[in-house]
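Here's the letter readout for the chains.
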Amino acid sequence: MPRILALCGSLRAASLNRRLLRAGIAMLPAGVEAEIADWRDLPVYDEDLEAQGMPAPVAALRAQAMAAQGFLFATPEYNWSIPGGLKNAIDWLSRKPDGTQPFAGKPVALMGATPGPGGTVNAQSHLRQVLYLLGGQVLPPPGVFVQGAGGRFDDAGAITDEPTRKAVETLMAALGKAVA
Ligand SMILES: Cc1cc2nc3c(=O)[nH]c(=O)nc-3n(C[C@H](O)[C@H](O)[C@H](O)COP(=O)(O)O)c2cc1C
């Protein structure tokens, strides 16, 4: 059964992007499984640290990423780019202790939500560039760029806005097809 590793660019409990990620996972086609990665305990990347052996949280995340057939991101934009914590996780994942690259040749779907008007266009553009370098097959447009996101979810995290729900559904169908 295909398995998706889902990564959220925000750690906060009330994260709009975590709601978006959960909503997306719920819309994946039947037969596609997903788990949300936890990168909270990753140390800041340091080559000296890596030389001592992969820290346990990195090794665990790497094992999840290697086992996944595809990836789903939902991320905010911080200062017109990828949140540092998420970029740090990708930087760790890009290291190849055994010569393997977790993203190489695998489908990747990108989404993002912001309370403002930008829709995370810059963050997703930068993320796409990084993942391209790492061999990820980032799905083509139309993507999911949720602007004014504060008003598009209910308290339970469900998407209340039909165009947003439809855009997520379309992307999840494409991701499901790509990993099938
Ligand atoms: C350090 C920082 C930088 C931010 N920069 C941007 C930005 O460049 N563009 C934007 O649309 N929102 C920006 N925001 C606002 C975030 O979009 C907003 O906090 C969002 O709700 C975070 O996502 P979350 O709800 O998933 O935690 C920034 C927030 C922080 C904390």
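Analysis parameters
- Residues numbered from 1 in each chain as written.
- Predicted model: local features only at pLDDT ≥ 70, side-chain atom pairs only at ≥ 80, totals over all residues.
- Heavy atoms only, no water.
- Helix = DSSP H or I, 4+ residues; strand = E, 2+ residues; numbered from the N terminus.
- Rg over C-alpha atoms; globule rule 2.2 N^0.38 Å.
- Buried < 20%, exposed > 50% of the residue type's maximum accessible area, 1.4 Å probe, protein only.
- Contact = heavy atoms within 4.5 Å.
- Areas by Shrake-Rupley, 256 points an atom, 1.4 Å probe, with all protein chains shown as cover.
- Lys, Arg positive; Asp, Glu negative; His and termini not counted.
- Charge placed at Lys NZ, Arg CZ, Asp CG, Glu CD.
- Near = heavy atom within 4 Å.
- Polar contact = N/O pair within 3.5 Å; in protein donor to acceptor, adjacent residues only side chain to side chain.
- Nonpolar A, V, L, I, M, F, W, Y, C, P; charged D, E, K, R; others polar.
- Pairing = 2+ DSSP bridges.
- Right-handed = clockwise from strand over helix to strand, strands pointing away.

## Points about the overall build of the chain
Then comes step 1: For the chain, the helix and strand inventory stands at six helices and six strands.
Then comes step 2: Reading the secondary structure of the chain in the N-to-C direction produces β-α-β-α-α-β-α-β-α-β-β-α.
Then comes step 3: Taking 2.2 N^0.38 as the reference for a compact globule, 180 residues should give roughly 16 Å; the C-alpha atoms of the chain span a radius of gyration of 16 Å, in line with that estimate.
Then comes step 4: With the principal axes as the frame, the chain shows a C-alpha extent of 50 × 35 × 25 Å.
Then comes step 5: Within the chain, the proportion of its 180 residues that are buried is 45%.
Then comes step 6: Considering only contacts in the chain between residues 6 or more positions apart, those separated by 24 or more positions represent 79%.
Then comes step 7: Roughly 8,600 Å² of accessible area belongs to the chain as shown, and the carbon and sulfur atoms make up 54% of that amount.
Then comes step 8: Of the side chains in the chain, 16 bear a positive and 16 a negative charge, and the two mean positions are spaced by 5 Å.

## A look at the site of the ligand
Then comes step 1: What surrounds the ligand is the set S10, R12, S15, L16, N17, P76, E77, Y78, N79, W80, T114 and P115.
Then comes step 2: Between a nitrogen atom of the ligand and a main-chain N or O atom of N79, the distance comes to 2.8 Å.
Then comes step 3: Protein contact buries 69% of the 620 Å² of open area that the ligand shows by itself.
Then comes step 4: Partitioned by chemical class, the residues of the shell around the ligand number five nonpolar, five polar and two charged.

## Focus on unusual backbone geometry
Then comes step 1: The omega angle of the peptide bond from P141 to P142 is 5°, so this bond is cis rather than trans.
Then comes step 2: Checked against the element boundaries, P142 lands in the loop between β5 (137–138) and β6 (144–146).

## Examining the pairing of strand β3 (residues 70–74)
Then comes step 1: A large share of β3 lies buried, amounting to five of its five residues.
Then comes step 2: On β3, burial covers both faces: G70, L72 and A74 on one face and F71 and F73 on the other are all buried.
Then comes step 3: Pairing analysis gives five bridges linking strand β1 (residues 3–8) to β3, with the strands arranged parallel. Paired with L7 across the strands is F73, a residue of β3.
Then comes step 4: Running through helix α4 (residues 84–93), the crossover from β3 to the neighbouring parallel element strand β4 (residues 107–113) is right-handed.

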